[in-house]
Amino acid sequence: MLSPLQLLGAIIALNAGLLLIIILWRQWLYFQERKQQRFIDLWRPILMQCSLGEMPSSLPSLPTRERFVFLVLWNEVQRKLEGSASPRITHLFHFLDLLAFTLKLLHSKNLRKQLLATQTFGYLNQAEKVWPELVKNAFNSHAILSFFSIHTMVQMSPEAALPVLLTVLQQRRTSKARLLGLFRRFPSPSLVNPLTEQLQDALYADNTVLALDIISLLELLPYPSVLPVMRQVLVEADSPELIISCLQVMAQLHDPWALGLALPYLHHPEWKVRCSAIKALSVVAQESQIPQLISALEDPSYWVASAALEGLYHMPGIKRERLVDLATHHTNPEVQKMMLQYLSEQLELTE
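Residues numbered from 1 in each chain as written. Predicted model: local features only at pLDDT ≥ 70, side-chain atom pairs only at ≥ 80, totals over all residues. Heavy atoms only, no water.

1. Brief notes about the overall build of the chain
- Looking only at helices and strands, one finds 19 helices and 0 strands in the chain.
- Computed over the C-alpha atoms, the radius of gyration of the chain is 30 Å, more than 25% above the 20 Å expected from 2.2 N^0.38 for a compact globule of 351 residues.
- If you line up the chain on its principal axes, its C-alpha atoms span 90 × 60 × 45 Å.
- In the chain, the proportion of contacts linking residues at least 24 apart, taken out of those at least 6 apart, comes to 64%. (Helix = DSSP H or I, 4+ residues; strand = E, 2+ residues; numbered from the N terminus. Rg over C-alpha atoms; globule rule 2.2 N^0.38 Å. Contact = heavy atoms within 4.5 Å.)

2. Some words on the packing of helix α6 (residues 127-138) against helix α8 (residues 158-171)
- Relative orientation of the contacting elements α6 and α8 amounts to 15°, with a least axis distance of 10 Å. On the basis of their axis angle, the class for α6 and α8 is roughly parallel. Here the hand of the crossing between α6 and α8 comes out right-handed. When α6 is examined against α8, the residues W131, V135 and A138 are found in contact with a partner set consisting of A160, A161, V164 and V168.
- Of the residues that constitute the contact of α6 with α8, the class distribution is 7 nonpolar, no polar and no charged. (Axes fitted to C-alpha atoms, helices over the stretch in contact; angles between N-to-C directions. Parallel < 35°, antiparallel > 145°, perpendicular 65-115°, else oblique. Left-handed = near helix turned anticlockwise from the far one by under 90°. Nonpolar A, V, L, I, M, F, W, Y, C, P; charged D, E, K, R; others polar.)

3. Regarding the nonpolar core
- F70, F183, L195 and L199 are the most contacted members of the largest nonpolar core, which has 113 residues in total.
- No other element matches helix α13 (residues 240-252), which puts 8 residues into this core.
- In contact with F70, not counting residues within four places along its chain, are F39, W43, L47, L62, L92, L96 and L98. (Core = buried A, V, L, I, M, F, W, Y, C linked by side-chain atoms within 4.5 Å. Buried < 20%, exposed > 50% of the residue type's maximum accessible area, 1.4 Å probe, protein only.)

4. Some thoughts on the side chain of N137
- Looking at where N137 falls in the secondary structure, it is placed in helix α6.
- The contacts of N137, once residues within four sequence positions are left out, are L106, Q114, L145, S146 and S149.

5. A closer look at the layout of surface pockets
- Space inside the largest pocket adds up to approximately 480 Å³.
- Lining the largest pocket we find 17 residues, and of these R65, E66, F68, V69 and R112 sit closest to its centre.
- Here the lining of the largest pocket is built from residues that sort into 6 nonpolar, 5 polar and 6 charged. (1 Å grid on protein atoms, 1.4 Å probe; cavity = no way out; pocket = protein on both sides within 12 Å on 5 of 7 lines; lining within 4 Å. Points joined across faces, edges and corners; volume = space filled by probe spheres on them.)

6. Describing a nonpolar patch on the surface
- Together, L5, L8 and I12 make up a nonpolar patch on the protein surface, roughly 330 Å² of accessible area in all.
- Under the relative-accessibility criterion, I12 is labelled exposed at 51%. (Patch = residues over 30% accessible without salt bridge, like charges linked within 9 Å, V, L, I, M, F, W, Y side chains within 5 Å. Areas by Shrake-Rupley, 256 points an atom, 1.4 Å probe, with all protein chains shown as cover. Salt bridge = Lys/Arg side-chain N within 4 Å of Asp/Glu carboxyl O.)

7. A look at helix α2 (residues 67-79)
- Compared with an ideal rise of 1.5 Å per residue, which puts 13 residues at 18 Å, α2 spans 18 Å between its outermost C-alpha atoms and is within 8% of the ideal.
- Taken residue by residue, α2 has F68, F70, L71, L73, W74, N75, V77 and Q78 as its buried positions. (Expected span 1.5 Å × (residues − 1).)

8. Focus on the pattern of salt bridges
- Evaluated as defined, the whole model comprises 4 salt bridges.
- As a salt-bridge pair, R44 and E76 come within 3.3 Å of each other at their nearest N and O atoms. Taken together, the residues R44 in helix α1 (residues 4-51) and E76 in helix α2 connect sequence positions 32 residues apart.
- The residue D299 makes a salt bridge to R274 at a minimum N-O spacing of 2.7 Å. You can see D299 sitting in the loop between α16 (290-296) and α17 (302-313) and its partner R274 sitting in helix α15 (residues 271-282), a full 25 residues away along the chain.

Geometric descriptors of this kind do not, in isolation, establish any biological role.
Structure (structure tokens):
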């Protein structure tokens, strides 16, 4: 049994030992940080020089223990480069013979190493070496690894990645917004035909959820070649969700066919459908469509009336005084307040 004095001495000794360990740990972290910074200061100018097409006559040694840090720096520089500069520092990657090391990282069980390797192969564009592993990782339980893998596949070949992307979208393994962001970043006209074929198959199988996912992808492709299919689906669709999605694509691409195809949906029971129809009509409306938009100001839905007002305001051929008069005599107090507030804000912006 320890006496109180001995117990106090033991506690003091333990605290002193813990304090010493913390001090040594902080010192070690400080020296590691300094060492890493020296490495970055050494290699960053070399990478920038290589990006300009000037390979140095001699390169510093790159020990195995420092290759991971080099890849982190290499990826950081790659993200900031455009055009021919990116392939130039890719040449440095191959000159340093880092392919086998990166493949080893990709097949490791460490998530951080897998993510770094996956990102690296996106810039290398060597699909034949890693595609099976990327497909497997796209269905990994780790959402971040799944997303990185799909990102790299889309970066390498959007067409080849499409079946995997659609499957992941259906299974909701990762955020839909993130996956749609990939399409926005890497649009490709060669995706239009495969996507429209997939859309027709989904509609034939009565798979509305998949059809909506495909239309959301088509909406991100800024190519008018998607419009014929959208028009066909719109005419044949009964689902309000499908109608809204098709109208959104037509509005996004300023489809002139909306002048006729959107009109039947101005009186749809669903206010969301009416709102989408107004927006599709507004972007291509001419003077002959002004009466339809003015009629939509009387819509019981606040949002439909708001969309009609915005469309009218940006149309040539209608005077601002006419809109003020319509707002003043509107029968719905909420819509009247919205219209007057909107017109007041627009007037302030133009002054």
